[in-house]
Amino acid sequence: MDVACAFPTTLDTPGHIAVAEELGYTRAWVYDTPQQSPDVWMTLALAAARTDRIGLGPGVLVPSLRHPMANAAATATLAALAPGRVAIAFGTGFSGRRAMGYGAVGWSFMDAYLTAYRGLLRGETVAWEGKRMRMLHPGGHAPARPVEVPVLVAALGPKGNEVAKKHADGLYTTRQPPEFAGEYAWVPFLAWGTVLDEGEALDSEHARTAGGPGWALAYHGTYEFEGPDAVRALPGGEQWLAVVDRTPPADRHLSVHSGHCVELNEADRAAWDAGGHTILTDVTLSGTGDQIRHKLAGLAARGVTEIVFQPCGPDIRGELERFHAVAVSFREGSGN
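Residues numbered from 1 in each chain as written. Predicted model: local features only at pLDDT ≥ 70, side-chain atom pairs only at ≥ 80, totals over all residues. Heavy atoms only, no water.

**A few points about the packing of aromatic side chains**
Condition: Classification of ring pairs uses Phe, Tyr and Trp, with its six-membered ring standing for Trp, and accepts pairs whose centres are within 6.5 Å; under 30 degrees between planes counts as stacked, over 60 as edge-to-face, and the remaining range as tilted. Helical segments are the DSSP runs of H or I of at least four residues, strand segments are the runs of E of at least two, and each set is numbered from the N terminus. Burial status follows relative accessibility: with a 1.4 Å probe on protein chains alone, a residue under 20% of its type maximum counts as buried, one over 50% as exposed, and anything between as partly exposed. For a ring to carry a charge above it, either NZ of a lysine or CZ of an arginine must fall within 6 Å of the ring centroid while also lying within 35 degrees of the normal to the ring plane.
With the rule as written, the count across this model stands at twelve aromatic pairs. Aromatic side chains Phe 90 and Tyr 117 sit 4.9 Å apart centroid to centroid with 75° between the ring planes, which places their arrangement in the edge-to-face category. Here Phe 90 is found in strand 4 (residues 88–90), whereas its partner Tyr 117 is found in helix 5 (residues 107–121), with 27 residues between them in sequence. As far as burial versus exposure is concerned, Phe 90 and Tyr 117 are alike and both buried. Three or more aromatic residues joined by ring pairs make a cluster, and in this case those are Phe 90, Phe 109, Tyr 113, Tyr 117 and Trp 128. Against the face of Trp 29 rests Arg 27, its NZ or CZ located 5.7 Å from the ring centre.

Set out below in structure tokens:
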């Protein structure tokens, strides 16, 4: 199992990626969340200039945010800046769309988008929105076509699996690996959490700041995919909803996704303080070293080939160090 990392794209991310390379992480994925983050491509370009070895890529691009030519040109640029180190992942958009009030893009759109995007990188003339186009970059403006980069697709259900089989070199996943994960040779799994000290309380300040943002995704995701009644079943769910419901319906998504993957928002803090912290180790990759190694073994058994850890809190280097040490000890001890 490769040990990779992810970042929710801040102005400090290029420096954090340089730290991850120093510590031995194999790849860094950067989020495409323009509603709360600096531009993903600018960030990756800066990271390319500050690193020599670590793999780089957006994880995940949301197709509706850019024309396929724009993403193809950006991919080619990054491939020139970091040759042999680039991989691209696409998804239908969770925070990248829902935080702006939209639903996920449909899989038919993803299919058409990836057909055009991959065709452009091969140097083909493709059709998009009823028009024919091709990458016309002269020498020195982009690498010569074809631009060879692996592409992954974030898929959890059968429709996504069909698109991934058609277009992808791997499966990018989170929450729970799907049953079909074992059909792919490359399966990064995005996870949040923190390494807890032996005997550390689940409501410690460290657990809250480093593990809390990932824990909050259980509430955000449950609300978006299953609705308010499912949130009420979570510890602190009533208190979480009480805060969210104060916002008018037209703006409620802004309340839900504020601080997403970075910090606890007001609703998250209410749920945490009302007992929600008790499920921290159930919904994130948090726990003592032994507990995390056990969880990694379970993920490996379900087809995960790359663990992607997103650090949170005020001590990003410390979180990266602690997790890398645990993940490497698992890999060396298990042979994965």
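**What to know about the sheet that holds strand 3 (residues 55–58)**
Which entries qualify depends on this criterion: Any two strands are treated as partners once DSSP identifies two or more bridges connecting them. Between the N-to-C directions of two axes lies an angle of 0 to 180 degrees, each axis being a line fitted to C-alpha atoms and, for a helix, fitted only over the stretch in contact. The contact rule is simple, with two residues in contact once any of their heavy atoms fall within 4.5 Å.
A sheet is described by the order of its strands in space; here eight strands give the open sequence 3-2-1-10-9-8-7-4, paired in parallel fashion. In the strand order of this sheet, the two ends are held by strand 3 and strand 4, each with one partner. Strand-to-strand, the axes of this sheet are offset by a mean angle of 25°, without reference to chain direction. Along the sheet, helix 2 (residues 40–50) contacts strand 2 (27–30), strand 3 and strand 4; its crossing angle with strand 3, the most-contacted strand, is approximately 170°. The sheet strands contacting helix 5 are strand 4 and strand 7 (151–154), and the helix crosses strand 7 at an angle near 175°.

**What to know about helix 14 (residues 316–334)**
Quick note on the threshold: Helix span is expected to be 1.5 Å times the residue number reduced by one.
Compared with the 27 Å implied by 1.5 Å per residue over 19 residues, the 27 Å span of helix 14 between its first and last C-alpha is a close match. Along helix 14, the positions that sit buried rather than exposed are Ile 316, Gly 318, Glu 319, Leu 320, Phe 323, His 324, Val 326, Ala 327, Val 328 and Phe 330. Packed against the buried residues of helix 14 are strand 1 (2–7), helix 1 (13–23), helix 7 (205–226), helix 13 (289–301) and strand 10 (306–310).

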